[in-house]
Amino acid sequence: GPVTTAPPRHHIVINGFQASGDGTYVAWEEQVVKRNGDPTAATPTLVLRALRPSQRWTIKTEAYPIGFGGDDQLVVYSGHTSVVSVTPTPHLVKVPGGQFPSAVYPGGLVELDRRSSPPGPKITEQVRLSTFAGKRSTLHSYIMNSANSRIPETAYVLPYGRLHVGELAHHTDFGGIG
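Residues numbered from 1 in each chain as written. Predicted model: local features only at pLDDT ≥ 70, side-chain atom pairs only at ≥ 80, totals over all residues. Heavy atoms only, no water.

Digging into the overall build of the protein
Across its full length, the protein holds zero helices and 14 strands. Along the protein, from the amino end to the carboxyl end, the secondary structure elements read β-β-β-β-β-β-β-β-β-β-β-β-β-β. Classification of the 178 residues of the protein by burial places 37% in the buried group. Look at the contacts in the protein between residues 6 or more apart in sequence, and 35% of them connect residues 24 or more apart. Approximately 10300 Å² of the protein is accessible, and the part contributed by carbon and sulfur atoms is 54%. (Helix = DSSP H or I, 4+ residues; strand = E, 2+ residues; numbered from the N terminus. Buried < 20%, exposed > 50% of the residue type's maximum accessible area, 1.4 Å probe, protein only. Contact = heavy atoms within 4.5 Å. Areas by Shrake-Rupley, 256 points an atom, 1.4 Å probe, with all protein chains shown as cover.)

Considering the packing of aromatic side chains
Per the counting criterion, the structure on display carries two aromatic pairs. Taking 6.2 Å as the distance between ring centres and 15° as the angle between the ring planes, the aromatic pair formed by Phe17 and Trp28 counts as stacked. Of the two residues, Phe17 sits in strand S1 (residues 10-19) while Trp28 sits in strand S2 (residues 25-34), which places them 11 residues apart along the sequence. Taken together, a centroid distance of 6.5 Å and an interplanar angle of 35° make the contact between Tyr25 and Phe68 tilted. (Phe/Tyr/Trp six-rings, centres within 6.5 Å; stacked < 30°, edge-to-face > 60°.)

Some words on the pairing of strand S8 (residues 91-94)
As paired strands, strand S7 (residues 81-85) and S8 are joined by four bridges and run antiparallel to one another. Among the inter-strand pairings, Val84 is bridged to a residue of S8, identified as Leu92. (Pairing = 2+ DSSP bridges.)

Considerations on the sheet that holds strand S5 (residues 64-68)
One open sheet accounts for four strands, arranged S5-S6-S7-S8; its pairing is antiparallel. The strands lining the two open edges of the sheet, one partner per strand, are S5 and S8. Strand-to-strand twist across the sheet, computed as the mean angle between neighbouring axes with direction ignored, equals 40°. (Axes fitted to C-alpha atoms, helices over the stretch in contact; angles between N-to-C directions.)

Details of the nonpolar core
The tendency in soluble globular proteins is for nonpolar side chains to be buried side by side. Of all hydrophobic cores here, the largest spans 12 residues; its members are Tyr25, Ala27, Leu46, Leu48, Ala50, Trp57, Ile59, Ala63, Phe68, Leu74, Val76 and Val84. Among the secondary structure elements, those contributing two or more residues to this core are S2, strand S3 (45-50), strand S4 (55-60) and strand S6 (74-77). Of all the elements, S3 adds the most residues to this core, at three residues. Residue contacts for Trp57: discarding those within four places in its chain leaves Tyr25, Leu46, Val47, Leu48, Ala50, Val86 and Pro90. (Core = buried A, V, L, I, M, F, W, Y, C linked by side-chain atoms within 4.5 Å.)

Here we look at the side chain of Ser82
Mapped onto the fold, Ser82 is located in strand S7. Residue classification places Ser82 among the buried residues on the basis of a relative accessible area of 2%. Within the local environment of Ser82, its side chain forms a polar contact with the side chain of His80, the two groups lying 3.4 Å apart. Apart from the residues within four sequence positions on either side, Ser82 is in contact with Leu74, Val75, Val76, Leu92, Val93, Lys94 and Val95. (Polar contact = N/O pair within 3.5 Å; in protein donor to acceptor, adjacent residues only side chain to side chain.)

Quick notes on the side chain of Thr45
As for its placement among the helices and strands, Thr45 is situated in strand S3. The buried category is assigned to Thr45, whose relative accessible area is 6%. For Thr45, the side chain forms a polar contact with the side chain of Lys60, separated by 3.0 Å.

Quick look at the sheet that holds S2
Read across the sheet, four strands follow the order S1-S2-S3-S4 without closing on themselves; strand pairing throughout is antiparallel. Among the strands making up the open sheet, the edge pair consists of S1 and S4. Strand-to-strand twist in this sheet, taken as the mean axis angle between neighbours without regard to direction, amounts to 25°. Where S3 meets S4, six bridges bridge the pair, whose relative direction is antiparallel. Paired with Leu46 across the strands is Ile59, a residue of S4.

Structural data, given as structure tokens:
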């Protein structure tokens, strides 16, 4: 459960719950909110917990858990991609060049990268596999134009890292409500 104590007239919301592939680690973000659900100015708490042996680490950060890139490698995102290190004390280690992570696999992440190509209003969304060391390989490039505004939105990777599934989305799929 939550490790943050809620002040009077507030409660704790847990977001982004993630579990490692071997079930040894879990992680989540805790945020203090007002009773009506409005956020507070308090910095969220990132919680990483080992179930065997029982250990818990916390970091006050805006970073949001994305998934585990190995059984003990929690990947988070807050403007850039980082991996949580608990040695000697819990801290975030920035992943070189990490863009917008969509999914995590052992040793790396699936990320989206938007590129503009002059001389026209041509935008390319690339889906890439990136290692934690910063090596990248492009899986697919989506050329965006006025007739095609569907972009890759969500990706999933099986724990062994060999199958990558992406979802194309359009934010007005439901009659202009997105």
